[in-house]
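One letter stands for each residue in the lines below.
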Amino acid sequence: MQIKDLSAILATWVGIGGALTGGFFTFREYQRENAKSADERVLQTFSMYQDFRADLLPTAALIQEGRAAIGDLDFWINHFDMVEACVGADLCDASLVNQLFAPYAIESLTPAVQCRIADVRRMEAEYGLAKPQGHGLLAIAGRAEPVCAAPPPPPAPAPTAQAPAPTPTAQRRAPAPT
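Per chain, residue numbering runs from 1 following the sequence as it is written. In keeping with the predicted nature of the model, local features appear solely for residues at pLDDT of at least 70, side-chain atom pairs appear and are counted solely at 80 or more, and the whole-chain, interface and lining totals rest on all residues. Only hydrogens and water are set aside; all other atoms, that is, all heavy atoms of the structure, feed into the side-chain values.

1. Structural notes on the packing of aromatic side chains
Alright, step 1. When two rings of Phe, Tyr or Trp (its six-membered ring) have centres within 6.5 Å they constitute a pair, described as stacked for plane angles under 30 degrees, edge-to-face for angles over 60, and tilted for the intermediate range. Enumeration according to the criterion identifies eight aromatic pairs in this entry.
Alright, step 2. Residues Y49 and F52 carry aromatic rings whose centres are separated by 6.2 Å and whose planes lie at 25° to one another, so their mutual orientation is stacked. Here F52 and Y49 lie together in helix 1 (residues 3-55), a separation of three residues that amounts to about one turn.
Alright, step 3. A relative accessible area of 15% means that Y49 is categorised as buried.
Alright, step 4. In textbook terms, an aromatic cluster arises when at least three aromatic residues are bridged by ring pairs, as seen for Y49, F52, W76, F80, F101 and Y104. Secondary structure elements follow DSSP: runs of H or I of four or more residues count as helices, runs of E of two or more count as strands, with numbering from the N terminus. The buried label goes to any residue with under 20% of its type's maximum accessible area, the exposed label to any with over 50%, and the partly exposed label to all in between, with areas taken from a 1.4 Å probe on protein chains only.

This is how it looks when you write it as structure tokens:
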């Protein structure tokens, strides 16, 4: 065996060793980044939960008592839609969202909330949204569609203020002569 052959074999083994070492370190970096990403999803989920508890938990009692205003219902529903969007974008941890938010989502599916979702969806129907109002709340609660027993009647037309029509002078009677 000559030096030329030995050199070729050594170069091959150095190349293989370098590739394996590079692959190993790349794989370790991938694992670190993946773990970091998972940690960030958990932190984001806890952050959203803290905001929920601080800002929205009082609304839960109003919803259960049937005293929540429409604005409160919309804010509540939209929060759950935002949480589900966070999970869909892989920015929040799905199992932790289920653990933390599902009990509130399930308990809040009162007739008022479900009818509000149905009302807004009727108004949004012309837009053909892929994820209409309430999709997050219903998904976290494990429901496909809202159940609204009776849709509310359409709003009555607003009364218009019109002045009474004047009486034509030809129809007025002159006072009788005395």
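After presenting the structure, the write-up continues.
2. Some details on helix 2 (residues 57-65)
Alright, step 1. Within the sequence span of helix 2, burial applies to T59, A60 and I63. Burial along helix 2 is one-sided: seen end-on, the buried residues are contained in an arc of 110°.
Alright, step 2. After helix 2 finishes, the residue G66 shows a positive phi value of roughly 75°. By definition, the arc is the one covered by directions from the helix axis to the C-beta atoms.

3. A short note on the side chain of E124
Alright, step 1. Locating E124 in the fold gives a position in helix 5 (residues 111-124).
Alright, step 2. A polar contact is formed between the side chain of E124 and the backbone nitrogen of Q133, at a distance of 3.1 Å.
Alright, step 3. Sequence-distant contacts of E124, defined by excluding residues within four places in its chain, comprise L129, P132 and Q133. As used in this structure description, the phrase polar contact means that two N or O atoms lie within 3.5 Å; if the pair is within protein, one of them must be able to donate a hydrogen and the other to accept it, and residues adjacent in sequence are counted only when both atoms belong to side chains. Only heavy atoms matter for contacts: two residues are in contact if any of them lie within 4.5 Å across the pair.

4. With respect to helix 4 (residues 94-107)
Alright, step 1. Helix span, expected: 1.5 Å multiplied by one less than the number of residues in the helix. Relative to the 20 Å expected for 14 residues at 1.5 Å per residue, helix 4 spans 19 Å between its end C-alpha atoms, a close match to the ideal helical length.
Alright, step 2. To get the bend at a residue, fit one axis to the 7 residues ending there and another to the 7 starting there, then take the angle between the axes. At F101, helix 4 shows its largest bend, some 50°, and a proline, P103, comes one to four positions later.
Alright, step 3. Turning to helix 4, its buried residues are L96, V97, L100, F101, A102, Y104 and A105.

5. Focus: the packing of helix 3 (residues 70-88) against helix 4
Alright, step 1. Axis angles are defined between N-to-C directions and span 0 to 180 degrees, where every axis is a line fitted to C-alpha atoms and, for a helix, only to the segment in contact. Contact geometry of helix 3 with helix 4 gives a least axis separation of 11 Å together with a crossing angle of 165°. Between helix 3 and helix 4, the crossing angle belongs to the class labelled roughly antiparallel. Judged by the sense of rotation from one axis to the other, the crossing of helix 3 with helix 4 is left-handed. When helix 3 is examined against helix 4, the residues W76, H79, F80, V83 and V87 are found in contact with a partner set consisting of A94, V97, F101, Y104 and A105.
Alright, step 2. Only Asp, Glu, Lys and Arg are considered charged, only Ala, Val, Leu, Ile, Met, Phe, Trp, Tyr, Cys and Pro nonpolar, and every remaining residue, Gly among them, polar. Residue composition of the contact of helix 3 with helix 4, grouped by class: nine nonpolar, one polar and no charged. For classification purposes, an angle smaller than 35 degrees is called roughly parallel, one larger than 145 roughly antiparallel, one from 65 to 115 roughly perpendicular, and anything else oblique. In this scheme the crossing of two helices becomes right-handed for a clockwise turn of the near helix relative to the far one and left-handed for an anticlockwise turn of less than a right angle.

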